[in-house]
Amino acid sequence: MWVHLLPGRARARVAGLRANPARAAQLEQHLAGCPGIRAVAANPATGTALICYDPAVLTLQHLEVLLACPDGLAEVAAAGEKALPAGGNDRAGVPPVPAGDGAPGELHTGLTTAEAEARLAALGPNALADPPRPSFLRRFLDQYRDVMQLVLVGGAAVSFMSGHRRDALTIGAVLLLNGLIGASQSGGSPQSLAALRRLGGHPARVWRDGTLAEVPAHLLVPGDLLHLEAGDRVPADAQVVASTGLAADESLLTGECAAVEKSASGNRGASGNRGAAGTVSAGTVSVGTMIVRGHGRAVVTTTGMTSTLGRIAGLMEREERPPVLQGHLNDLGRRLGKAGLWVAGGVTLVALVRGQGIAGALLGGISLAISAIPEGLPAFVTLSLAAGARRMRGEGGTFQRLAAVETMGAVTALCCDKTGTLTMGQMAVTEIRTLDHTWEVGGSGYCPDGEFRRSGQPVRPLADPALRLFLMSSALCNNARLGLDGEGALVTQGDPTELALLVAALKAGIRTAGGEGDRVLELPFDADRRRMTVACRAGAGQTVICSKGAPEVLLPLCTRAFARGSARKMDARMRRRMLREAADMAAHGLRVLAVACRPGGAVGPEQDLVLLGLAGIVDPPRPEAAAAVSRCQAAGIRVVMVTGDHPATAATVARRLGIAAREGSLLTGDQLAQLTAHELAAVVSQVEVVARATPEQKLLVVRALRQTGHVVAMAGDGVNDAPAMRESDVGIAPADATDVARAAAGLILADSSLTTIVAAVEQGRTTRGNVRRTAGYLLGSNAAEVCLMATSLLIGLPLPLLPVQLLWMNLVGDGLPATALGNQPSAPGLISRPPERPAELLGPGFRRRVAGHGVRTGVAAAGLYALALAAGRPLPAARTIALTVLAAGQVRHLLACRSPGPDKQVRTAGAVTAGLTLGAIYLPPLRHALGLAPLGPGGLAAAAGLGLLV
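Computed from a prediction, not measured in an experiment: that's the story for all the values here.

**Quick notes on the overall build of the chain**
Along the backbone of the chain there are 35 helices and 34 strands. Looking at the chain as a whole, 55% of its 950 residues qualify as buried. A separation of at least 24 residues holds for 69% of the contacts in the chain among residues at least 6 apart in sequence. Of the roughly 37,600 Å² that the chain leaves accessible, carbon and sulfur atoms contribute 59%.

What follows is the structure, given as structure tokens:
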């Protein structure tokens, strides 16, 4: 905007002024009447206006505001007076700013305190609303809506009424513990919502009552006038009404690493980058984004749940789905419980027909139902998941939710954001082209380590004069800062593109950097000029001019080019060649900047420049990304890049990583918006790259993949990735991701390495196998108990096991074996196998094995129990025999369920189970509590031998 600046004198480029004498006259007329303006000369030939002003009355910011809306100032002012509440525009000494309630036609100088309070009362605070949360009592009672818990409640009631109060208290204690644990783990406010709230909760500098004040972000209302400077985080969605070189880092919302220029002209239709909701954003700033360059003012347009973060929070409001495998296990448990109820009802009816008392018949039926319920299954599945999570920490990953452990093992599709996940999320100069040579720049991110290569060979960059001048000029024409904090952590400030240029200079050993103290002039970068120029002191009273900008803008200002060691006249052939070089670099996905310089002189600062070369800047892929993608594909997992970045950039990165392998596999957000949900589900299997995707569209892609039968993981690091991460079966975030992304993730890559994803998949598959073995063991043991109870009661025998004995078998006798099965190591070659579907995990073969063990062991136990009673054994002794057969069968079943190969832990668990059974039989306190009787050597050998044989 500013072409020339001196105290009290400024020349500005004004949009629409060139070749428009009427506009020039209008501008002069209106500005001349403003307090503090001494003289105005608008030149329609150059499109600039020279303004002489009183610095004691007006600042440059005031002038920016006056120039932001030069058309029809009187008419707009009148409209603004009508639109604003009473007393809103009558504050002397504060220049007017076009805005109001987000309407660009109003004039506004900021709200009064009364206006702000009235709007706050009407619209509510600028904060995210908490989702409805049920009370602890409601969550506690909800735990008993499940059929398995209801059966246990019925068992406790019947036991209490029939005089078996010890059994009733034992069952009641189990029920209470289950309810408390379940209630404490449900209903909490999501961590991701808290992270979103922190992102938008920064204090704001705002004009109130005609003065600049700092107010808490939650007190902002539509119509507030914000003051924004480099380093500020935007506290609310707002419309830019005045700017000087204003640029924002919107990567957390859009996925684009480069800063986005912001100008008041964007409000009048200038093109811009796609924002979080897919809208043109050259003239708007979004809550949570960071101002990295320049300064300006913006009027708040939306707050709270209607803001960008509010819409994202709305996308993330969904109930937690049960983990894939655990959902199947719960369903299987419910079916077993219902089947047990039917069998229990039948047995109870038979007992009543035979003349048994109602209490005895009900106790037998309830005991049978309890035997069908795998009470310990949820607990031991949790232990298996915890063991997998513990092993994963040694691999560089942290599971925030246990459900994510087994879900990773079922993943068939991996959706990845580009910026910060597949790439470093930090711009870097990777290529420099001069008229003489092409230089490759190594290293990654903002770490100033990396070598320069020419034709593949390492070189000393300072040995080449053209490259040395290029790097020094790009460091001088630069407002970025790079350093270390007190703890030695890297601290960056400024535009990511300028940081990349500064780091490239540091890699060459150049420590010189531009700064206000070394400069005598700065013409800042803005969206109209598309270039930046500075004049710096060079010693002995000399100055040097350094410029950088878009090649098509800067090359016409260059009359010479540095080649073969000196500045030579630039002819048309040189200019065409450098434009072709810039186009070639852009075609390879690079952001291209031209750099020029010259000694200071009498001519204007942007005249007679010497072209030094072109810089190719890119957000480079993570070093391990290509190998990680390849390993995922080898494991049978589809990798899909879903990014908000430009299609050409996304396609280039995807090709480098080996993702885009098919023609026509790229889909843009605009194309996606034309598809219905059914059409998207039909084509999503062919898509490998989705570019220019909004947060809503990322969520739709994940949803479409899930609808086609995929188990989906979503890897991302920004706020725009969080809704899709919540929608996926498991979210993945690197350690340096935003707080919002980490809160939405189930897996955190502690070292930010994508190879950890492959390790997590392998660990997940191991855990799923362990869970299946654990489930097979527990369900087989329950099936044996059901068969024993049903067979005994149907042939008219007394209850073979009391409820407390069943609980002992299910909760204590199963404990160590199930824990050992859930902690087995990975099998060799597991990661190279295709992923196993959840339905296959508990398929017909699994059910046949469970039923086979249950029938064999249950019938054998019932037969020996009947023989013991027929031989005149006391009922406690006969029950002890039946329990021993079941315990021996459990040991045999344990050895059959383990993974191939020796496993000392499983064998130890089997031995401990046998020891616990012997303790229950022969230790008097435990024997009396369980209602058992000691067995002689012959009876013990017969019962144990039969259980091991069947």
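Structure's up, so let's keep going.
**Examining the packing of helix H27 (residues 755–794) against helix H31 (residues 844–870)**
Relative to each other, H27 and H31 sit at 40 degrees, their axes nearing to 7 Å. Helix-helix and strand crossings are classified by hand; for H27 and H31 the assignment is right-handed. Along its contact with H27, which presents Arg772, Ala775, Gly776, Leu779, Gly780, Ser781, Ala783, Ala784, Cys787, Leu788, Thr791 and Ser792, the element H31 presents Phe846, Val850, His853, Gly854, Val855, Thr857, Gly858, Val859, Ala861, Ala862 and Tyr865. A breakdown of the residues in the contact of H27 with H31 according to their chemical character gives 13 nonpolar, 9 polar and 1 charged.

**Examining a nonpolar patch on the surface**
Side chains of Phe136, Leu176 and Leu180 sit close together on the surface and give an oily, nonpolar patch of about 270 Å² of accessible area. Structurally, the position occupied by Leu180 is in helix H7 (residues 165–184).

**Digging into unusual backbone geometry**
Notably, Arg564 is not glycine yet its phi reads approximately 50 degrees, a positive angle. Structurally, the position occupied by Arg564 is in the loop between strand S25 (558–563) and strand S26 (566–569). What makes Arg564 exposed here is its relative accessible area of 63%. Here Asp608, not a glycine, exhibits a phi torsion of approximately 55 degrees, which is positive. Examined against the element boundaries, Asp608 turns out to sit in the loop between strand S27 (591–599) and strand S28 (609–618). Residue class for Asp608 comes out partly exposed when judged on its relative accessible area of 32%.

**Quick word on the pairing of strand S4 (residues 48–53)**
Regular strands place side chains that alternate from one sheet face to the opposite one. Across the 6 residues of S4, 5 count as buried, placing the element largely inside the fold. The pairing of strand S2 (residues 9–13) with S4 spans 5 bridges and is classified as antiparallel. Bridge pairing links Arg13 to Thr48 in S4. Note: strand S3 (residues 37–43) against S4, 6 bridges, orientation antiparallel. The residue bridging Ala42 from the neighbouring strand is Ala49, located in S4. Between S3 and S4, which pair antiparallel and follow one another directly, the connecting turn spans 4 residues, one of which, Gly47, has a positive phi of 75 degrees.

**A word on the confidence of the model for the chain**
Residue-level pLDDT values for the chain average 79, and 79% of them are 70 or greater. Low pLDDT (under 50) marks residues 69–107, which in the prediction has 86 contacts with non-local residues, meaning those over four places away or in another chain. Note on residues 266–280: pLDDT under 50 across the span, and 39 contacts to partners over four residues away in sequence or across chains.

**Section: the pairing of strand S13 (residues 290–302)**
With 5 bridges joining them, strand S9 (residues 225–229) and S13 adopt antiparallel strand pairing. Residue Leu226 lies in a different strand from S13, and its bridge partner there is Ala298. Pairing analysis gives 10 bridges linking strand S10 (residues 237–249) to S13, with the strands arranged antiparallel. Looking at the pairing, Asp249 lines up with Met290 of S13.

**Some details on the sheet that holds strand S34 (residues 747–749)**
As summarised here, the arrangement of the 8 strands in space is S14-S34-S33-S32-S15-S29-S31-S30, forming an open sheet in which the pairing is mixed. Looking at the sheet topology across the chains shown, the edges are occupied by strand S14 (397–399) and strand S30 (666–668). Strand-to-strand, the axes of this sheet are offset by a mean angle of 20 degrees, without reference to chain direction. Sheet analysis places strand S15 (residues 413–416) next to strand S29 (residues 638–642), joined by 4 bridges and oriented parallel. Paired with Leu414 across the bridge in S29 is Val639. Along the sheet, helix H21 (residues 647–657) makes contact with S29, S30 and strand S31 (689–691), crossing S31 at roughly 155 degrees. Running at roughly 160 degrees to strand S32 (residues 712–715), helix H24 (residues 695–707) makes contact with S15, S29, S31 and S32 of the sheet.

**Examining the pattern of salt bridges**
Within this structure, the stated rule accounts for 23 salt bridges. With its nearest N and O atoms 3.5 Å apart, the salt bridge here joins Arg205 to Glu229. Of this pair, Arg205 sits in strand S7 (residues 204–208) while Glu229 sits in strand S9; the two residues are 24 residues apart in sequence, bridging distant segments of the chain. Arg205 gets classed as partly exposed once you look at its relative accessible area, which sits at 25%. We classify Glu229 as partly exposed; its relative accessible area is 30%.

**Some thoughts on helix H17 (residues 496–507)**
Here H17 contains 12 residues, and its C-alpha end-to-end distance of 16 Å stays within 8% of the 16 Å for a straight helix at 1.5 Å per residue. Most of H17 is tucked away, with 12 of its 12 residues classed as buried. Among all positions in H17, only Pro496, Thr497, Glu498, Leu499, Ala500, Leu501, Leu502, Val503, Ala504, Ala505, Leu506 and Lys507 are buried. Of the residues flanking the start of H17, the one acting as N-cap is Asp495, its side-chain oxygen 2.6 Å from the backbone nitrogen of Thr497.

**Let's talk about the environment of Gly858**
Locating Gly858 in the fold gives a position in helix H31. By relative accessible area, Gly858 is classed as buried at 0%. In this structure the C-alpha to C-alpha distance between Gly858 and Ala790, which are 68 residues apart in sequence, comes to 9.0 Å. Not counting chain neighbours up to four residues away, the residues in contact with Gly858 comprise Ala784, Cys787 and Leu788.

**What about the packing of helix H32 (residues 875–897) against helix H33 (residues 904–922)?**
Closest axis-to-axis distance for the H32/H33 pair is 9 Å, and the angle between their directions is 175 degrees. As judged from the angle between their axes, H32 and H33 are roughly antiparallel. The segment H32 lies against H33, with Thr880, Leu883, Thr884, Ala887, Gln890, Val891, Leu894 and Leu895 engaging Val906, Ala909, Gly910, Thr913, Thr917 and Ile921. Taken together, the residues of the contact of H32 with H33 break down into 8 nonpolar, 6 polar and no charged.

**A few points about the nonpolar core**
Ranked by internal contacts, the top residues of the largest apolar core, which has 58 residues, are Phe399, Met408, Leu414 and Ile732. If you tally residues by element for this core, the top one is H27, at 10 residues. With near-sequence residues (within four places) excluded, Leu414 lies in contact with Cys632, Ile637, Arg638, Val639, Val640, Ala713, Ala715, Ile732 and Ile757. Formed by 39 residues, the second largest nonpolar core is a distinct cluster that contains Val429, Ala475, Leu501 and Ala508.

**Side note on a positive patch on the surface**
Together, Arg564, Arg568, Arg573, Arg576 and Arg580 make up a positively charged patch on the protein surface. Here the positive patch takes 3 residues from helix H19 (residues 572–587), the largest share from any one element.

**So, the environment of Asp739**
Within the secondary structure, Asp739 is located in helix H26 (residues 739–744). Sequence-wise, Asp739 and Ala722 are 17 residues apart; in three dimensions their C-alpha atoms are separated by 10.0 Å.

**Focus on the state of the cysteines**
Counted by the stated rule, this structure contains 0 disulfides. We note that Cys415 lacks a disulfide partner, and the nearest cysteine sulfur, in Cys416, lies 7.7 Å from it.

**A look at the side chain of Lys698**
Within the secondary structure, Lys698 sits in helix H24. On the accessibility criterion, Lys698 (1% relative accessible area) is buried. Here Asp417 takes part through its side chain, which lies 3.3 Å from a polar atom of the side chain of Lys698.

**Brief notes about the environment of Gly616**
Along the polypeptide, Gly616 turns up in strand S28. Note on Gly616: relative accessible area 0%, which makes it buried. Separated by 175 residues in the primary sequence, Gly616 and Val441 place their C-alpha atoms 9.7 Å from one another. Ignoring sequence-local partners within four residues, the contact set of Gly616 consists of Ala428, Val429, Thr430, Glu431, Met585, Leu590 and Arg591.

Calculation notes
- Residues numbered from 1 in each chain as written.
- Predicted model: local features only at pLDDT ≥ 70, side-chain atom pairs only at ≥ 80, totals over all residues.
- Heavy atoms only, no water.
- Helix = DSSP H or I, 4+ residues; strand = E, 2+ residues; numbered from the N terminus.
- Buried < 20%, exposed > 50% of the residue type's maximum accessible area, 1.4 Å probe, protein only.
- Contact = heavy atoms within 4.5 Å.
- Areas by Shrake-Rupley, 256 points an atom, 1.4 Å probe, with all protein chains shown as cover.
- Axes fitted to C-alpha atoms, helices over the stretch in contact; angles between N-to-C directions.
- Left-handed = near helix turned anticlockwise from the far one by under 90°.
- Nonpolar A, V, L, I, M, F, W, Y, C, P; charged D, E, K, R; others polar.
- Patch = residues over 30% accessible without salt bridge, like charges linked within 9 Å, V, L, I, M, F, W, Y side chains within 5 Å.
- Salt bridge = Lys/Arg side-chain N within 4 Å of Asp/Glu carboxyl O.
- Pairing = 2+ DSSP bridges.
- pLDDT = per-residue confidence, 0-100.
- Expected span 1.5 Å × (residues − 1).
- Polar contact = N/O pair within 3.5 Å; in protein donor to acceptor, adjacent residues only side chain to side chain.
- Parallel < 35°, antiparallel > 145°, perpendicular 65-115°, else oblique.
- Core = buried A, V, L, I, M, F, W, Y, C linked by side-chain atoms within 4.5 Å.
- Lys, Arg positive; Asp, Glu negative; His and termini not counted.
- Charge placed at Lys NZ, Arg CZ, Asp CG, Glu CD.
- Disulfide = S-S within 2.5 Å.

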